[in-house]
Amino acid sequence: MPTQEKTVTSQIAPLVDRSAWKKLTAHYEKLQEVHMRQMFADDPQRGEKLTAEGAGLFLDYSKNRVTDETLKLLVELAEESGLPERIKAMFGGEKINLTEDRAVLHVALRAPQDATITVDGENVVPDVHEVLDRMSKFADRVRSGEWKGHSGKRIVNIVNIGIGGSDLGPVMAYEALKHYAQRDLTFRFVSNVDGTDFAEAVVDLDPEETLFIVASKTFTTLETMTNAGTAREWSLAAFGGDKASVAKHFVAVSTNAEKVTEFGIDTANMFGFWDWVGGRYSMDSSIGLSTMLAVGPDNFRAMLDGFHQMDEHFRTTPFEKNLPVLMGLLSIWYNDFFGSETVAVLPYDQYLKRFPAYLQQLSMESNGKYITTEGKRVTYNTGPVLFGEPGTNGQHSFYQLIHQGTRLIPCDFIAFAKSLNPLGRHHDMLQANVFAQAEALAFGKTAEQVKAEGTADWLVPHRVFEGNRPSNVLMAESLTPALLGALVALYEHSVFVQGVIWNIDSFDQWGVELGKKLAQAIIPELESDEEPSLEHDSSTNHLIRKYRKMKGMA
């Protein structure tokens, strides 16, 4: 652990020993049975007071089980946990990814050209803009038809091959910004090493008109390079095996020039990024090349500006009005005091259909940790499970559990005042459901209200809604590229806030490594023509033998 970080963390008491934590524990005992009906009755202006705005987003957090005292203590906890210092350290390029000794500078990916953000004494902003400029020139060539395939045909199909952050970010952004996309281009995304994913992605594509983006920093990622190899074979087959064709139909998002060249890609068409960019924070780096190809350089840069606006809001706004801080602290409140284990993110815009899946990685890979920065086991809950679906789809699926289930599930509703596709009454009906669901969750329906409707006594308990179920409502004018950037940055920084409070490293992901390493050992055992000598546990050994038998190898 770097000496500087040892100094920072050693000055902070363990979470459960912090003064604000103890005060919150006592406060929770008094507040846990108070209903939001009472809170709103006690303060008729509550719905106007408990709001905040920034970077084009409006947050109503009044339908949460909090009082002014709760919010005061949560902010006190943030300050006592060193959040101001940690924000400064991140923006200052300090190596806050402790276990990998790396800076965490996704904020540099969207910094303006005249900004100065240093890592190891070097301003990284010029490098960021150099890559952005090269991406822009390449995107313009492809979008205009200037870039031709090996046989002289225009490229009209773009297939992004990546996994994790190299897939979830690009596919989410493409779906979110499809309204702004160039519609004579087709975009597909391949991530799963299951051959079906690749087969279905290219089934109706012409290889002569298809460009592959291979996104792997090291150019060694198992799933990505397996799919890239298959794509290379598929493409070469159309050109009679002419390896010169690869340079016209493949580009790389990578830093490994040797491997890229070996693959057959011209390094002039290799777009790099840096160790201080984590995969799940990389959609606004060169990993977003497919996004730029879809929506164009101007819209991509508008998205970056939205990211930057939220970065500045987070960096400079007092915690009491700071959107990421408020949302992060509310998550702590429910996760650690109310024992809530899940969060539902519910975007009421079909374009955001992949947003919950994107946030799953952002949140759960970042904060799914049980070890503190000092290497000790936590004694509190971290990293809630996140799920969600767009619009009214979820209402006819899992909302029953949220309304009348036995678990407390805080919700984030995301709403827009204007539709990008206005059709009659559709949008008003859609957004009415946002406000209605948040209202229903908060206030519910009492037995007296149910009886007053003439409901039979035996049926009354089934139709009672307890309410007192918390939600945030995030609202914006419309889903623009800038707004998407701000929305993603909001959740990035909210996740960071939670990690700081829990004193965990939100920027490593060692939990994904063990299974990958074991798989590398098992692959040859599945493929071997001879009966392999197995030294796993009895279950794994039996499963391997059963698989080989079903496959017809034994």
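Residues numbered from 1 in each chain as written. Predicted model: local features only at pLDDT ≥ 70, side-chain atom pairs only at ≥ 80, totals over all residues. Heavy atoms only, no water.

- For the protein chain, the name recorded in an unreviewed UniProt entry is Glucose-6-phosphate isomerase, with Blastopirellula marina as its organism.
- Taken verbatim from the UniProt record of the protein chain, the Catalytic activity (unreviewed entry) comment is "alpha-D-glucose 6-phosphate = beta-D-fructose 6-phosphate". (UniProt positions renumbered as here; feature names shortened; annotations may be inferred.)

**Side note on the pairing of strand E2 (residues 57-60)**
Part 1: Note that strand E1 (residues 51-54) and E2 share four bridges and pair antiparallel. Bridging from a neighbouring strand, Thr51 pairs with Asp60 of E2.
Part 2: The antiparallel hairpin formed by E1 and E2 contains two residues in its connecting segment, where Ala55 sits at a positive phi of about 55°.
Part 3: The pairing of E2 with strand E13 (residues 471-476) spans three bridges and is classified as antiparallel. Note that in E13 the partner of Asp60 across the bridge is Val473. (Pairing = 2+ DSSP bridges. Helix = DSSP H or I, 4+ residues; strand = E, 2+ residues; numbered from the N terminus.)

**A word on the side chain of Asp284**
Part 1: Here Asp284 is to be found in the loop between strand E9 (270-271) and helix H13 (289-295).
Part 2: Since its relative accessible area comes to 1%, Asp284 is described here as buried.
Part 3: Discounting residues that sit within four places of it in the chain, Asp284 has contacts with His106, Leu109, Arg110, Phe300, Leu304 and Phe307. (Buried < 20%, exposed > 50% of the residue type's maximum accessible area, 1.4 Å probe, protein only. Contact = heavy atoms within 4.5 Å.)

**Overview of the UniProt feature "active site" (unreviewed entry) in the protein chain**
Part 1: According to UniProt, the feature "active site" (unreviewed entry) maps to Glu365, His396 and Lys516 in the numbering used here. These residues run over 152 residues, and the two farthest C-alpha atoms among them are 36.8 Å apart, placing them at more than one spot.
Part 2: Within the element layout of this structure, Glu365 appears in helix H16 (residues 355-367).
Part 3: Classification of Glu365 by relative accessible area gives partly exposed; the value is 22%.
Part 4: Setting aside chain neighbours within four positions, we find Glu365 in contact with Arg280, Gln360, Asp508, Gln509 and Val512.

**Observations regarding the environment of Asp428**
Part 1: By the secondary structure assignment, Asp428 is in helix H18 (residues 426-443).
Part 2: According to the relative accessible area criterion, Asp428 is exposed, its value standing at 62%.
Part 3: Counting along the chain gives 96 residues from Asp428 to Pro524, while the straight-line C-alpha distance between them is 57 Å.

**Digging into the domain arrangement of the protein chain**
Part 1: The domain boundaries assigned to the protein chain delineate domain 1 (40-66 + 322-477), domain 2 (118-296) and domain 3 (517-551).
Part 2: Placing a centre on the C-alpha atoms of domain 1 and another on those of domain 2 gives a separation of 36 Å.
Part 3: Taken together, the contacts link 13 residues of domain 1 with 15 residues of domain 2.
Part 4: Between domain 1 and domain 2, roughly 1300 Å² of surface is buried when both sides are summed, and carbon and sulfur atoms account for 60% of that area.
Part 5: For the pair domain 1 and domain 2, the number of links is two salt bridges.
Part 6: For the salt bridge of Glu175 with Lys353, the shortest nitrogen-to-oxygen distance reads 3.8 Å.
Part 7: Taken together, the connections running from domain 1 to domain 2 amount to six residue pairs in polar contact (both at pLDDT 80 or more). (Domains from an automatic or database assignment. Buried area = accessible area lost by both parts, 1.4 Å probe. Salt bridge = Lys/Arg side-chain N within 4 Å of Asp/Glu carboxyl O. Polar contact = N/O pair within 3.5 Å; in protein donor to acceptor, adjacent residues only side chain to side chain.)

**Notes on the side chain of Gln431**
Part 1: Relative to the elements of secondary structure, Gln431 occurs in helix H18.
Part 2: Here Tyr348 takes part through its backbone oxygen, which lies 3.2 Å from a polar atom of the side chain of Gln431.

**Observations regarding the pattern of salt bridges**
Part 1: The final tally for this structure, using the stated rule, is 23 salt bridges.
Part 2: Residues Arg102 and Glu100 are paired through a salt bridge, measuring 3.8 Å at the closest nitrogen-oxygen approach.
Part 3: Between Arg110 and Asp284 there is a salt bridge whose closest N-O contact spans 2.7 Å. One end of the pair, Arg110, is in the loop between helix H6 (83-91) and strand E3 (118-119); the other, Asp284, is in the loop between E9 and H13, and 174 residues separate them in sequence.

**What about H6?**
Part 1: Those residues of H6 not exposed but buried are Leu83, Arg86, Ile87, Ala89, Met90 and Phe91.
Part 2: Positive backbone phi, approximately 80°, marks Gly93, located one or two places after H6.

**Examining the packing of aromatic side chains**
Part 1: Enumeration over the complete set of coordinates arrives at 27 aromatic pairs.
Part 2: Seen in terms of ring centroids, Phe212 and Phe250 are 4.9 Å apart; in terms of plane orientation they differ by 20°. Their pairing is stacked. Of this pair, Phe212 sits in strand E7 (residues 210-215) while Phe250 is found in strand E8 (residues 250-253), placing the two residues 38 residues apart along the sequence.
Part 3: Take Phe212: its relative accessible area is 0%, and that puts it in the buried class.
Part 4: Aromatic side chains Trp333 and Phe338 sit 5.4 Å apart centroid to centroid with 80° between the ring planes, which places their arrangement in the edge-to-face category. (Phe/Tyr/Trp six-rings, centres within 6.5 Å; stacked < 30°, edge-to-face > 60°.)

**Here we look at the sheet that holds E13**
Part 1: Sheet architecture is open: six strands sit in the order E1-E2-E13-E12-E10-E11, paired in mixed fashion. The open sheet has two edge strands with one neighbour each: E1 and strand E11 (385-387). Taking the axes of each pair of neighbouring strands and ignoring which way they run, one obtains an average angle of 15° across the sheet.
Part 2: Strands in contact with H16 are strand E10 (342-347), E11 and strand E12 (411-416); relative to E11, the strand with the most contacts, it is inclined by about 165°. (Axes fitted to C-alpha atoms, helices over the stretch in contact; angles between N-to-C directions.)

**Observations concerning the sheet that holds strand E6 (residues 186-190)**
Part 1: The five strands lie next to each other as E6-E5-E7-E8-E9, forming an open sheet whose pairing is parallel. Both outer strands of the open sheet, E6 and E9, are each paired with one neighbouring strand and no more.

**Overview of helix H21 (residues 481-502)**
Part 1: The terminal C-alpha atoms of H21, which comprises 22 residues, lie 32 Å apart, in line with the 32 Å expected from a rise of 1.5 Å per residue.
Part 2: Extensive coverage of H21 is indicated by the burial of 21 of its 22 residues.
Part 3: Where H21 ends, the next residue or the one after it, Asn503, has phi of about 60°, a positive value. (Expected span 1.5 Å × (residues − 1).)

**Structural notes on unusual backbone geometry**
Keep in mind that most residues, glycine aside, have a negative phi and that most peptide bonds are trans.
Part 1: If you check the backbone angles, Ala55 has positive phi at about 55° while not being a glycine.
Part 2: Looking at the secondary structure, you find Ala55 in the loop between E1 and E2.
Part 3: Judged by relative accessible area, which is 19%, Ala55 ranks as buried.

**Some details on the packing of helix H22 (residues 513-527) against helix H23 (residues 538-551)**
Part 1: Viewed as axis vectors pointing N to C, H22 and H23 meet at an angle of 40°, and their least axial separation amounts to 10 Å. Put simply, H22 runs oblique to H23. The element H22 and its partner H23 pack so that their crossing is right-handed. On the side of H22, the interface is formed by Ile522, Glu525, Leu526 and Glu527, while H23 contributes Thr540, Ile544, Tyr547, Arg548 and Lys551.
Part 2: Split by residue class, the contact of H22 with H23 holds four nonpolar, one polar and four charged. (Parallel < 35°, antiparallel > 145°, perpendicular 65-115°, else oblique. Left-handed = near helix turned anticlockwise from the far one by under 90°. Nonpolar A, V, L, I, M, F, W, Y, C, P; charged D, E, K, R; others polar.)

**Considerations on the pairing of E6**
Part 1: In this structure, strand E5 (residues 157-161) lies alongside E6, joined through five bridges in parallel fashion. Counted as the bridge partner of Ile158 is Phe187 from E6.

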